[in-house]
Amino acid sequence: MRLLRRLDVVLIPVMTLVAAIAGTGLYFWQLDEHKALEQDKWVTKVENALSAGDFERNGIEALGHEIAGSAQFINHIQDTNDFARRSFLESHINYVLKQDRVAQLGSVDIYSLDSLFTLTATSIKADPFAQSVLSDDIYQTVFDTYILVSLGEEFCNSGYTYQALTGEIRYSFIGAYDPKLLPDDKQAMTRKERSLLVVDGPLTQLNHLFAEIADYAHITLEFHQRSNETPVQANIYSKQINNEFFDGTVVKVFGPSIEIELDISDGHYSAIKAQLATQMLTYMTGVVLSLLLIIHLIVKSKVLKPINGLLRDIKKGGLELRYFKRAKGNDEVSTLKNAYIDSLSKVKFEAEFDSLTKLANRVSFIRFVEQRSESYCNQHTYIVAWDVIDFRRVNDLHGQKIGDKALVTIATEIERFICMNQSGSGCGCSDYSISRYSSNTFYALINAESELSIRALMANFETALKAAARIDGVPLGLEFAQSIFPLYDETHRGLWQRGTEAALNKAKQIKNKRPLVYFDTRLLEEINRREEIEKILLTCCSNGDFELLYMPLIDANTYKIASVEVLVRCPPLQAMGIGPEEFIPAAERANMIGDIDTWVMDNALKTLHYLQRKVGYDGDISINISALELYNNEFIELICGACNKHEVSHDKVILEITETSYVKSTKDTIAIISGLRDLGFRVSLDDFGTGFTSINQLLSYPVDELKVDKSFVERIGTEGSEERMLNSIISLGHNCDAKVVGEGVETGYQCRYLTELGCDYLQGYWFSKPLTYHEFSDFYNEDHLVDIKTKISELTIIRP
Ligand code: C2E
Ligand code: CA
Ligand code: CA
């Protein structure tokens, strides 16, 4: 509707303007038409009246000739004083006037005048004894004729039209007659003593017209004698329109000797003007409204309706493609809809699917599983998952491209496996039922009859998957951790994500056995325990509720304390028997390790400062930091800040980093290690030898110290190969210009053994357990050196 309203804002003024212009034009055109018609009507009337006047004039003239030719008239003019003759003439005249053909000429007056201009007979003498007079209206003309005649000018008869004082238009016929001569004698026209006959009658039609016009306030007729200079042929009436003089039209209609001026002032049209204006206003309003209605209907049906339909679809469907049906038309809205569907499909695909394997991504898989769980979940639905163990190796060894190819092969194989096993189960293979859940883990939803059958299926598939994971025919030798989560089991359905993750992690730890874990309550307990740890850690992090213990590192040559390793404890967790071995990885997973490391650094350096000042400690301090700090760009700033704060020189600090498979040696991590070393810190690789990436890392990271993992030390004296292995690690460290620390020394035998292999430093319970600050101060103050030396001297190198 907003579109229509906007359209109206433009349309209404524009259409009103156009309608106003058109209406005005039409109004004037109509008015002109009407004026022309009206004028024609009146001109025609005038012309008709004039032409009727011609007949009337002829009638009057004929009457004149008739009377002039009558014996009574001739007799009379021969002796005008003869009363009898005059009576005869007057009777004759009255007789003639009463005749129908003459009566219709109207009130005709007839006068006879003698050669002395004395009225001798007349038709208008009401009283026979009264002196009859010539009408004032014609007196002058008749007198002029008399003068003309008395001067002996050539004259026989003549007629003229005039307007009487009463306003009446009349015609007078004047004839001059010699009683002794015939009228066609040349002498008869020039003789001076002649009698005059005047026949004077009205021009009835013209007078009717004048009477009619009188009813019209704005129309006037004016009578004019025509000047002789503009002769007009008889029966031709010309007209001339002249607007100059007044607000209206002037039309002159010419008769043979007269001119009738027809004036129509504009006031005459006021009624029609009002009527036309109302008409135009009504028409134009009607036209504008109809056009608006039509435009509204067209816009509504052709534009708004389809757009609203599309909007409804979009509202209802949102990002759900199934709500959209492609439009068939090729109009703009259909094209728009199809373009929307296309881009939606693309966006949806990109948002929901993994671009490499074309499998559902983590988000859409989670949504799919949630929907499935809510709608229906039959008794046999499982979530199965695969983790490609140490997939990084493929990338490292063969490059990213081969790695990608391998992932695609694995995805295709999993897809085939799931679809093959779903076809018979009535639980179709949906686009979302298989997912690349993270870079090298794949999750899928599958139906199977029982735990036994799903286990068997997965076991068989693992073999097939391993065999399929080859590039260009060369097997990649991949291992897959697998897990099964029974989704149908309502008791822990909500835990499927963490359950599957935990089961996969568990599977990854399995050695020498098929790495397949079926989620069970034990795992659930583990998850709960982890949750509990995370919860406690969260409070401890915000309260700084940690403690530090100190464990010395002994110089293998001098037996002096070379450094002290700081070990963190979390008292609430300690009470539950949970030490850093468990809570540090938990903190790393829960993103809390940064806080812990910061707390430890701060407190460790503070302690070192105390130790230096209070007990004259001159050794180093070894601080454990999470390898994740190598991704933290602010770490260098943090440790430098702590050193400054506690006035500790950088060369007193050894940073122990435990190698983990998830810390890749990237440009950035190497840059942080180099940066730390450039600033004078020493870097130590902790638990060296436990992961196969050790050597890789040693080559990538230039370090100052290697700490041989205690599992190697533990086995001293139990296996024959240990000696060689330890020997290799120690020489490797020395070759890389690193000091070697043997940790976990619990016996004198191990101490002597490592010393003889050339270990630089030793650490373990045999020297000291982790101590509190005071215990360590005491240990340092007491003559520990003598103590240790005594211990060593008592040693006999015999296998335990
Ligand atoms: P680690 O860095 O290898 O620390 C040495 C661990 O071995 C310590 O356990 C120590 O008590 C134990 N140990 C040393 N000598 C012997 C021995 O002779 N026999 C036996 N059985 N154990 C010995 P702890 O304190 O439980 O620490 C476990 C792990 O937790 C550490 O291994 C380290 O990776 C991590 N950790 C401890 N403190 C911190 C810390 O402040 N920050 C970080 N990020 N990690 C820490
Ligand atoms: Ca350590
Ligand atoms: Ca260690």
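Calculation criteria
- Residues numbered from 1 in each chain as written.
- Chains lettered and ligands numbered in written order.
- Predicted model: local features only at pLDDT ≥ 70, side-chain atom pairs only at ≥ 80, totals over all residues.
- Heavy atoms only, no water.
- Near = heavy atom within 4 Å.
- Polar contact = N/O pair within 3.5 Å; in protein donor to acceptor, adjacent residues only side chain to side chain.
- Areas by Shrake-Rupley, 256 points an atom, 1.4 Å probe, with all protein chains shown as cover.
- Helix = DSSP H or I, 4+ residues; strand = E, 2+ residues; numbered from the N terminus.
- Disulfide = S-S within 2.5 Å.
- Buried < 20%, exposed > 50% of the residue type's maximum accessible area, 1.4 Å probe, protein only.
- Donors = N, O, S within 2.8 Å, 3.2 Å for Na, K, Ca; no water.
- Domains from an automatic or database assignment.
- UniProt positions renumbered as here; feature names shortened; annotations may be inferred.
- Contact = heavy atoms within 4.5 Å.
- Pairing = 2+ DSSP bridges.
- Axes fitted to C-alpha atoms, helices over the stretch in contact; angles between N-to-C directions.
- Patch = residues over 30% accessible without salt bridge, like charges linked within 9 Å, V, L, I, M, F, W, Y side chains within 5 Å.
- Salt bridge = Lys/Arg side-chain N within 4 Å of Asp/Glu carboxyl O.
- Lys, Arg positive; Asp, Glu negative; His and termini not counted.
- Charge placed at Lys NZ, Arg CZ, Asp CG, Glu CD.
- Phe/Tyr/Trp six-rings, centres within 6.5 Å; stacked < 30°, edge-to-face > 60°.
- Lys NZ or Arg CZ within 6 Å of the ring centre and 35° of its normal.

- Looking at an unreviewed UniProt entry, one finds the chain named Diguanylate cyclase, with Vibrio maritimus as its source organism.

1. Looking at the site of ligand 1
At step 1: Among the 24 residues in the neighbourhood of ligand 1, the closest are listed as Arg-569, Asp-686, Lys-710, Glu-746 and Tyr-765.
At step 2: Glu-565 is positioned with one of its side-chain polar atoms (N or O) 3.2 Å from an oxygen atom of ligand 1.
At step 3: Residue Asn-624 places a side-chain N or O atom 3.1 Å away from an oxygen atom belonging to ligand 1.
At step 4: Bound to the protein, ligand 1 loses 89% of the 790 Å² it would expose on its own.
At step 5: Of all elements in the fold, only strand 18 (561-569), helix 16 (580-589), helix 17 (593-614), strand 19 (620-625) and strand 21 (682-688) reach the threshold of two or more residues within the shell around ligand 1.
At step 6: Per-element accounting of the shell around ligand 1 gives the leading share, 4 residues, to strand 18.

2. Some details on the state of the cysteines
Two cysteines form a disulfide when their sulfur atoms are joined by a covalent bond.
At step 1: Overall, the coordinates contain 0 disulfides when judged by the stated rule.
At step 2: Looking at Cys-736, it has no disulfide partner, and the nearest cysteine sulfur is the one in Cys-759, 15 Å off.
At step 3: You can call Cys-736 partly exposed: its relative accessible area is 30%.
At step 4: Free cysteine: Cys-751, not disulfide-bonded; nearest cysteine sulfur from Cys-759 at 9.7 Å.

3. What to know about the coordination of the calcium ion (ligand 2)
At step 1: Listed as protein donors to the calcium ion (ligand 2) are Glu-565 (OE), Asn-624 (OD1), Glu-656 (OE) and Asp-686 (OD); their distances from the metal cover 2.1 to 2.4 Å.
At step 2: In primary-sequence terms, the residues that donate to the calcium ion (ligand 2) follow E-x58-N-x31-E-x29-D.
At step 3: Separating the calcium ion (ligand 2) and the calcium ion (ligand 3) is a distance of 4.3 Å, and Asp-686 donates to both of them. Residue Glu-656 is found in strand 20 (residues 653-658), and its partner Asp-686 is found in strand 21; the two are separated by 30 residues along the sequence.
At step 4: Given a relative accessible area of 5%, Asp-686 falls into the buried group.

4. Remarks on the domain arrangement of the chain
At step 1: Parsing the chain into structural domains produces domain 1 (57-202), domain 2 (353-519) and domain 3 (551-794).
At step 2: Here the C-alpha centroids of domain 1 and domain 3 sit 163 Å apart.

5. Some thoughts on unusual backbone geometry
At step 1: Even without being glycine, Lys-358 reaches a positive phi, approximately 65 degrees.
At step 2: Of note, Lys-358 is situated in the loop between helix 8 (332-352) and helix 9 (362-375).
At step 3: In the Ramachandran plot, Asp-472 falls in the positive-phi region, its phi being about 50 degrees despite a non-glycine side chain.
At step 4: Relative to the helices and strands, Asp-472 is located in the loop between strand 13 (470-471) and strand 14 (474-475).
At step 5: Taking the relative accessible area as the measure of exposure, Asp-472 reaches 65% and is therefore exposed.

6. A closer look at the UniProt feature "transmembrane region" (unreviewed entry) in the chain
At step 1: UniProt marks residues 7-29 with the feature "transmembrane region" (unreviewed entry), using the numbering shown here.
At step 2: Secondary structure content for residues 7-29 is 100% helix and 0% strand, while the C-alpha to C-alpha distance between its ends is 32 Å.

7. What about the environment of Thr-607?
At step 1: Within the secondary structure layout, Thr-607 lies in helix 17.
At step 2: On a C-alpha basis, the gap between Thr-607 and His-646 in space is 8.9 Å, while along the polypeptide they are 39 residues apart.
At step 3: Sequence-distant contacts of Thr-607, defined by excluding residues within four places in its chain, comprise Tyr-550 and Tyr-773.
At step 4: A distance of 2.6 Å separates the side chain of Thr-607 from the backbone oxygen of Asn-603, its partner in a polar contact.

8. Here's the deal with the sheet that holds strand 20
At step 1: If you walk around this closed barrel you meet the 8 strands as 17-18-19-20-21-22-23-24, and the pairing is mixed. The mean angle between the axes of side-by-side strands here comes to 30 degrees, regardless of whether they run parallel or antiparallel.
At step 2: Where strand 23 (residues 739-743) meets strand 24 (residues 761-763), 3 bridges bridge the pair, whose relative direction is parallel. Among the inter-strand pairings, Val-741 is bridged to a residue of strand 24, identified as Tyr-761.

9. Quick notes on a positive patch on the surface
At step 1: On the surface, Lys-302, Lys-305, Arg-312 and Lys-316 cluster together into a patch of positive charge.
At step 2: Structurally, Lys-316 is set in helix 7 (residues 270-317).
At step 3: Given a relative accessible area of 57%, Lys-316 falls into the exposed group.

10. Looking at the environment of Pro-702
At step 1: Within the secondary structure, Pro-702 is located in the loop between helix 20 (694-700) and strand 22 (705-708).
At step 2: Judged by its relative accessible area of 33%, Pro-702 falls in the partly exposed class.
At step 3: Spatially, the C-alpha atoms of Pro-702 and Ser-684 are 9.6 Å apart, while their sequence positions differ by 18 residues.
At step 4: In contact with Pro-702, not counting residues within four places along its chain, are Ile-673 and Arg-677.

11. Concerning the packing of aromatic side chains
At step 1: The tally for this structure, following the rule as stated, stands at 29 aromatic pairs.
At step 2: Judged by centre distance (5.9 Å) and plane angle (40 degrees), the rings of Tyr-749 and Tyr-753 are tilted. Taken together, the residues span about one helical turn, with Tyr-749 and Tyr-753 both in helix 23 (residues 748-757) at a distance of 4 residues. The pair Tyr-749 / Tyr-753 is uniform in exposure class, with both members buried.
At step 3: A connected cluster of aromatic rings, assembled from ring pairs, spans Phe-117, Tyr-139, Phe-143 and Tyr-146.
At step 4: The ring centre of Tyr-171 lies 5.6 Å from the NZ or CZ of Arg-57, which sits over that ring.
At step 5: Positioned above the aromatic ring of Phe-712, the side-chain terminus of Arg-715 is 5.9 Å from the ring centre.

12. Details of the coordination of the calcium ion (ligand 3)
At step 1: Taken together, the protein donors to the calcium ion (ligand 3) comprise Asp-686 (OD), Asp-687 (OD), Glu-743 (OE) and Glu-743 (OE), at separations of 1.9 to 2.7 Å.
At step 2: Read from N- to C-terminus, the donor residues coordinating the calcium ion (ligand 3) fall into the pattern D-D-x55-E.

13. Quick word on the sheet that holds strand 5 (residues 195-202)
At step 1: An order of 2-1-5-4-3 is seen for the 5 strands of this open sheet, with the pairing classed as antiparallel. Looking along the sheet, the strands with just one partner apiece sit at the ends: strand 2 (119-122) and strand 3 (157-163). Taking each pair of neighbouring strands and ignoring which way they run, the sheet shows an average axis angle of 20 degrees.
At step 2: Here strand 3 pairs with strand 4 (residues 169-177) via 7 bridges, running antiparallel. Looking at the pairing, Tyr-162 lines up with Arg-170 of strand 4.
At step 3: This element, helix 6 (residues 204-214), spans strand 3, strand 4 and strand 5 of the sheet and lies at about 155 degrees to strand 4.

14. As for a negative patch on the surface
At step 1: Together, Glu-775, Asp-778, Glu-782, Asp-783 and Asp-787 give the surface a local cluster of negative charge.
At step 2: Note that Asp-787 resides in helix 25 (residues 784-793).

15. Comments concerning the pairing of strand 2
At step 1: In this sheet, strand 2 lies alongside strand 1 (residues 109-113) in antiparallel orientation, the contact comprising 3 bridges. In the sheet register, Ser-112 faces strand 2, and the bridge partner there is Ala-121.

16. Considering the pattern of salt bridges
When the charged atoms of two side chains lie near each other, side chains of opposite charge can form a pair.
At step 1: Taken as a whole and assessed by the stated rule, the structure comprises 35 salt bridges.
At step 2: Residues Lys-186 and Glu-154 are paired through a salt bridge, measuring 3.0 Å at the closest nitrogen-oxygen approach. With Lys-186 in the loop between strand 4 and strand 5 and Glu-154 in the loop between helix 5 (136-150) and strand 3, the pair connects residues that are 32 residues apart, well separated along the chain.
At step 3: With its nearest N and O atoms 3.6 Å apart, the salt bridge here joins Asp-396 to Arg-392. One end of the pair, Asp-396, and the other, Arg-392, are both in helix 10 (residues 392-398), 4 residues apart, so they sit about a helical turn from each other.
At step 4: For Arg-392, a relative accessible area of 23% puts it in the partly exposed group.
At step 5: A network of salt bridges, in which partner residues are shared, links Asp-109, Glu-168, Arg-170 and Asp-200.

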